[in-house]
Amino acid sequence: MKLSICTDVMGNLSFTDMLDKCVELGVEGIEMTGGGWSSGPHFRADALLADKQLLKTKLKEIEARGLQIAALNCSANPLDPGAMGARHLKEMKETITLAGEIGVETIVTMSGLPEAAPGDTVPNWLVYTKSWPDEMPERDRYQWEDRAFPLWHDLVDFGKKAGIKRYALENFSAMLVWNPETLFRLRNEVGDMVGMNLDPSHLMWMGAEPIASARALGAAIHHCHGKDTRIERGLCDVNGLLELKEVTDVANRSWNYVAVGAGRDLQWWKEFFSVVGMCGYNGWVSLEMEDFTMSTEAGIQSSIDALKATIIR
């Protein structure tokens, strides 16, 4: 496995300074984020498709530092029923086209989340029982069969024509694909070009054990994020793990995203990567740093140190 970093966390730096920081940190690759919800300025697909000289210049700067592009990331909701969904889908397709042009084989993205019924105007994450109320089975069927399956059949065809090899869908909340079971529901319909960006941090607060999730996914692991979650003692016992407080309200949340090693210890991380490797994954592990309990610099360095000590090289 090789260590990379999601570039969103360095969105305040210029492109050149961001690359120099990656070299300083000792990572081998960069997961270039742009489009969708990302505000990262470094590698925007629309701008680079429109300016091939700018694209060539940026690729030369990356190569000159001995770095590789681990993946292009466009975290988005292409199934949103409003204008955002149309914009996100457009930006996803621009990212896919760019990846094909520069030989990047992996697109990290999200499955999307649609409305629950025709005419609804907002996405609806249906995570309560499928059998009650009586309208739930039809809402579930509509989201998957009428909305998600057609979109992802189209995106698989589009990706194959562009020349990419795999989609890595992050198991993120408020998405149709949020765990191994939902990943396989989509993958079994549209094919094995679709797999998971295995992010253990989300599975942790959902109550799953990411090591067991990795075993269940096997060859469906298409990418991996190095990101940790701490379940906050005492608070989670009172209110459970469905947390609606702002991510910056760290002292009062029942769980927090934290630097790698500040949630699960390094022995756990060694076992996690050992099992991921045992399942056949030997690709990139990208640090995604969203720890608001410490400074960004401290969180990045602490996480990099932990990942260097635990990934299987």
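Remember, it's a predicted structure, so these values are computed and weren't measured experimentally. (Residues numbered from 1 in each chain as written. Predicted model: local features only at pLDDT ≥ 70, side-chain atom pairs only at ≥ 80, totals over all residues. Heavy atoms only, no water.)

Q: Just checking my understanding: could you explain the pattern of salt bridges for this structure?
A: Side-chain pairs of opposite charge can arise where the charged atoms are in close proximity. Evaluation of the coordinates by the stated rule reveals 22 salt bridges. Between Lys 52 and Glu 101 there is a salt bridge, with its nearest N and O atoms 3.3 Å apart. Note that Lys 52 is positioned in helix 3 (residues 52-64) and Glu 101 in helix 4 (residues 83-102), a separation of 49 residues in sequence. A relative accessible area of 43% places Lys 52 in the partly exposed class. Here the salt bridges do not stand alone but share partners, grouping Glu 138, Arg 141, Glu 145 and Asp 146 into one network. (Salt bridge = Lys/Arg side-chain N within 4 Å of Asp/Glu carboxyl O. Helix = DSSP H or I, 4+ residues; strand = E, 2+ residues; numbered from the N terminus. Buried < 20%, exposed > 50% of the residue type's maximum accessible area, 1.4 Å probe, protein only.)

Q: Looking at this model, I keep getting lost on the nonpolar core. Mind explaining?
A: Where a protein is soluble and globular, its nonpolar side chains tend to be buried together. Counting residues in each nonpolar core, the largest one holds 76 residues, and the members touching the most others are Ile 5, Phe 43, Trp 152 and Tyr 167. Ranked by the residues each element gives to this core, the list is headed by helix 5 (residues 136-162), at seven residues. Setting aside residues no more than four positions away along its own chain, Tyr 167 makes contact with Ile 96, Ile 107, Thr 109, Trp 152, Leu 155, Val 156, Gly 159, Met 193, Val 194, Gly 195 and His 222. (Core = buried A, V, L, I, M, F, W, Y, C linked by side-chain atoms within 4.5 Å. Contact = heavy atoms within 4.5 Å.)

Q: For this particular structure, what's the right way to read the sheet that holds strand 3 (residues 68-73)?
A: Note on sheets: strands pair through backbone hydrogen bonds, and any given pair is parallel or antiparallel. With parallel pairing, the eight strands of this closed barrel are ordered in space as 1-2-3-4-5-6-7-10. With strand direction ignored, the average angle separating the axes of adjacent strands in the sheet is 30 degrees. Of the pairings in the sheet, the one linking strand 7 (residues 221-226) to strand 10 (residues 284-287) comprises three bridges and is parallel in character. Within strand 10, the position partnered with Gly 226 by the bridge is Leu 287. (Pairing = 2+ DSSP bridges. Axes fitted to C-alpha atoms, helices over the stretch in contact; angles between N-to-C directions.)

Q: Could you clarify how one ought to interpret the packing of aromatic side chains in this entry?
A: Each aromatic ring pair is characterised by the separation of its centres together with the angle its planes make. Under the defined criterion, the tally for this structure stands at 10 aromatic pairs. Residues Trp 269 and Phe 273 carry aromatic rings whose centres are separated by 5.7 Å and whose planes lie at 35 degrees to one another, so their mutual orientation is tilted. Of this pair, Trp 269 and Phe 273 both sit in helix 10 (residues 266-278), four residues apart, roughly one helical turn. Here Trp 269 falls in the buried class, since its relative accessible area comes to 0%. One aromatic cluster in this structure is built from Trp 268, Trp 269, Phe 272 and Phe 273. (Phe/Tyr/Trp six-rings, centres within 6.5 Å; stacked < 30°, edge-to-face > 60°.)

Q: What am I meant to see in the environment of Asn 77 here?
A: With respect to the element layout, Asn 77 can be found in the loop between strand 3 and helix 4. The sequence separation of Asn 77 and Ala 174 amounts to 97 residues, and the corresponding C-alpha distance is 9.6 Å. If near-sequence neighbours (up to four positions away) are discounted, Asn 77 is found in contact with Trp 37, Gly 85, His 88, Gly 112, Leu 113, Pro 123 and Met 175. At 3.3 Å, the side chain of Asn 77 and the backbone nitrogen of Asp 80 are in polar contact. (Polar contact = N/O pair within 3.5 Å; in protein donor to acceptor, adjacent residues only side chain to side chain.)

Q: Help me understand the packing of helix 1 (residues 15-25) against helix 3 in this model?
A: Packed helices, taken two at a time, are described by the angle between their axes plus the distance between the axes. One can describe the packing of helix 1 onto helix 3 by two numbers: an axis separation of 10 Å at closest approach and a directional angle of 20 degrees. As the angle between them shows, helix 1 and helix 3 are arranged roughly parallel. Our pair here, helix 1 against helix 3, has a crossing hand that is right-handed. Counting all contacts with helix 1, which are made through Phe 15, Thr 16 and Leu 19, the residues of helix 3 involved are Lys 58, Glu 61 and Ile 62. Of the residues belonging to the contact of helix 1 with helix 3, the class tally is three nonpolar, one polar and two charged. (Parallel < 35°, antiparallel > 145°, perpendicular 65-115°, else oblique. Left-handed = near helix turned anticlockwise from the far one by under 90°. Nonpolar A, V, L, I, M, F, W, Y, C, P; charged D, E, K, R; others polar.)

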